[in-house]
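Fold and geometry: a report
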Amino acid sequence: MSKIRSVENQVPWWNTEFGPQEIEAVSRAISNRRISQGLLTAEFEEKVAHLLDVNYVIAASNGSVALLMALLSLEIGKGDEVVVPNRTWIATMHAVMMAGATPVLVDVKQDRPLLDPSEVEQAISERTKALIPVHLNGRAADLQRFNHLAQEHRLAVIEDAAQAMMSRTGGKTLGTIGNVGCFSLSMAKIISTGQGGLLSTNDESIAERLRLIRTHGVENVQDPKSWGEFPGLNFRFTDLQAAIGLVQAEKLPERIEKLKAVYSEYSTGFEDCAAIEVVPVAVETGEIPLYTEILCEDRKLLVEYLKHRGIETRPALPNMNRAKYLKKCADSFPCSDIFEKHGLTLPSGPGQKMEDIRFVIQCIQGFFERKDSTIDSPRER
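Below, the structure is looked at part by part. All values derive from a computational prediction rather than experimental measurement.

Here we take up the packing of aromatic side chains. In total, this model carries seven aromatic pairs according to the counting rule given. Look at Tyr305 and Phe367: their rings are 5.1 Å apart centre to centre, the planes differ by 55°, and that puts the pair in the tilted class. Of this pair, Tyr305 sits in helix α10 (residues 299–308) while Phe367 sits in helix α12 (residues 354–369); the two residues are 62 residues apart in sequence, bridging distant segments of the chain. Each member of the pair, Tyr305 together with Phe367, is buried.

Set out below in structure tokens:
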């Protein structure tokens, strides 16, 4: 029988580590007066560019801003449409709206919550200017198809790789295959600087525009001739964040292996549980499972059951089409609805103890063993 844990022994939905190395790096940055965006930020950008094998990386204040900057760099705005998956974090859609464009929501695939290329083809209009495939939880969207569609219809491809740092497909790193890639450095990411974002591109002209946008569109604040080249705001990163990021970047190999181990433990643990379906991540082809997500019946009851045992989970967030302020939206998103209704993120992260992962599996197995053993899988209901 699974034990009930105290609040002090709670298993958090996400667990990562900040240790003495990060503290020392920040302390050293402060001592050397490396506070605002400067040399450490440039070093961090260079480090990540090497890791991603991409020509240019530009740091920004957060991942949401990175998406907005990408749109602005491609001069996408009022009157334009941008195709966005209905299953994503709401920042993807909001960035399009903040740029003045209209998001066009498209359903995801049935087996994985990724933008469905066949649905995208039907959504493209004469006003469409870009596609934003989202590599949700390290899963690779079908970039070969999207790049082909983009070439055929003269569109830009902005990769939302906020949850896909270092994930790969076809030997290439996600976020480096389209025109621009966007990453997040918030708390529940493989590299975290508290807040922060990154943009990647192999296009020099886009990189130059992104740097301008990041600092009010001004290349040199002391030179009046450089003013007004391109509109922008203060979207800058800081050297304090970069100090943390540089340390965390060195820990990437071990963190990647830990995330894979957590995903593998869950996958193996639920092999004989008909009521649980682990949403697949193709680890064997280079995808990195930032989180482990499942589909299950009786999600609300399961969440309460686990909470009572000191286990924190995250039910799937609402579909984008739930936003009441959308002016243009399809009526039906059957595949998205499955993930919205049955999706649940289990305790994940490189800081999780494997004994806690096994405890979570034991508790979930215990929950469903108490129910009818003939329970259908979520997709069969």
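After that view of the structure, there is still more to cover.
Packed helices, taken two at a time, are described by the angle their axes make and the gap between the axes. At their nearest, the axes of α10 and α12 sit 10 Å apart, and the two run at 130° to each other. Judged by the inter-axis angle, α10 sits oblique to α12. By crossing handedness, the relation of α10 to α12 is classed as right-handed. Residues Leu301, Leu302, Tyr305 and Leu306 of α10 form the contact with α12, whose own contacting residues are Cys363, Ile364, Gly366, Phe367 and Phe368. Here the contact of α10 with α12 is built from residues that sort into eight nonpolar, one polar and no charged.

Should the charged atoms of two oppositely charged side chains come close, the side chains can pair. Evaluated as defined, the whole model comprises 13 salt bridges. Taking the shortest distance from any N to any O, the salt bridge between Glu257 and Lys260 comes out at 3.8 Å. Remark: Lys260 and Glu257 occur in helix α9 (residues 252–269); sequence separation between them is three residues, near one turn of the helix. Residues Asp337 and Arg322 are paired through a salt bridge, measuring 3.4 Å at the closest nitrogen-oxygen approach. Of the two residues, Asp337 sits in helix α11 (residues 334–342) while Arg322 sits in the loop between β12 (314–315) and α11, which places them 15 residues apart along the sequence. According to the relative accessible area criterion, Arg322 is partly exposed, its value standing at 45%.

Okay, empty space enclosed by the protein next. Under the definition given, this model contains one cavity of 30 Å³ or more. Here the largest cavity is characterised by a volume of approximately 80 Å³. Gln163, Ala164, Met165, Ile190 and Leu290 are, among the 13 residues lining the largest cavity, the residues nearest its centre. Class assignment of the residues belonging to the lining of the largest cavity gives a composition of eight nonpolar, four polar and one charged.

This part takes up unusual backbone geometry. We note that Glu75 has phi near 55°; this positive angle belongs to a residue other than glycine. In this structure, Glu75 sits in the loop between α3 (63–73) and β2 (81–85). Accessibility expressed as a relative area gives 61% for Glu75, which makes it exposed. Phi is positive for Asp298, which is not a glycine, with a value near 55°. Within the secondary structure, Asp298 sits in the loop between β11 (292–296) and α10.

What follows covers the layout of surface pockets. In this approach the atoms are scanned with a rolling probe the size of a water molecule, which exposes any empty space left behind. Here the largest pocket defines a volume of roughly 790 Å³. Forming the boundary of the largest pocket are 34 residues, of which Trp89, Leu136, Gln163, Tyr291 and Leu317 lie nearest the centre. Looking at the lining of the largest pocket, the elements with two or more residues in it are α3, α4 (91–98), β11, β12 and β13 (343–346). Among the residues forming the lining of the largest pocket, the class breakdown is 17 nonpolar, 11 polar and six charged.

Because an α-helix completes one turn every 3.6 residues, residues spaced three or four positions apart along the sequence face the same direction. Here helix α1 (residues 20–31) is 12 residues long and its end C-alpha atoms lie 16 Å apart, about the 16 Å a rise of 1.5 Å per residue gives. All of the buried residues along α1 are Glu22, Ala25 and Ala29. The arc enclosing the buried residues of α1, seen along the axis, measures out at 60°, which places them on a common side. Seen from the buried face of α1, the exposed residues on the opposite side, beyond 90 degrees, are Pro20, Ile23 and Ser31. Looking at the buried residues of α1, the elements they touch are α2 (39–52), α8 (239–250) and α9. Count one or two residues on from α1 and you reach Arg33, which has phi positive near 60°.

Thresholds applied
Residues numbered from 1 in each chain as written. Predicted model: local features only at pLDDT ≥ 70, side-chain atom pairs only at ≥ 80, totals over all residues. Heavy atoms only, no water. Phe/Tyr/Trp six-rings, centres within 6.5 Å; stacked < 30°, edge-to-face > 60°. Helix = DSSP H or I, 4+ residues; strand = E, 2+ residues; numbered from the N terminus. Buried < 20%, exposed > 50% of the residue type's maximum accessible area, 1.4 Å probe, protein only. Axes fitted to C-alpha atoms, helices over the stretch in contact; angles between N-to-C directions. Parallel < 35°, antiparallel > 145°, perpendicular 65-115°, else oblique. Left-handed = near helix turned anticlockwise from the far one by under 90°. Contact = heavy atoms within 4.5 Å. Nonpolar A, V, L, I, M, F, W, Y, C, P; charged D, E, K, R; others polar. Salt bridge = Lys/Arg side-chain N within 4 Å of Asp/Glu carboxyl O. 1 Å grid on protein atoms, 1.4 Å probe; cavity = no way out; pocket = protein on both sides within 12 Å on 5 of 7 lines; lining within 4 Å. Points joined across faces, edges and corners; volume = space filled by probe spheres on them. Expected span 1.5 Å × (residues − 1). Arc of directions from axis to C-beta.

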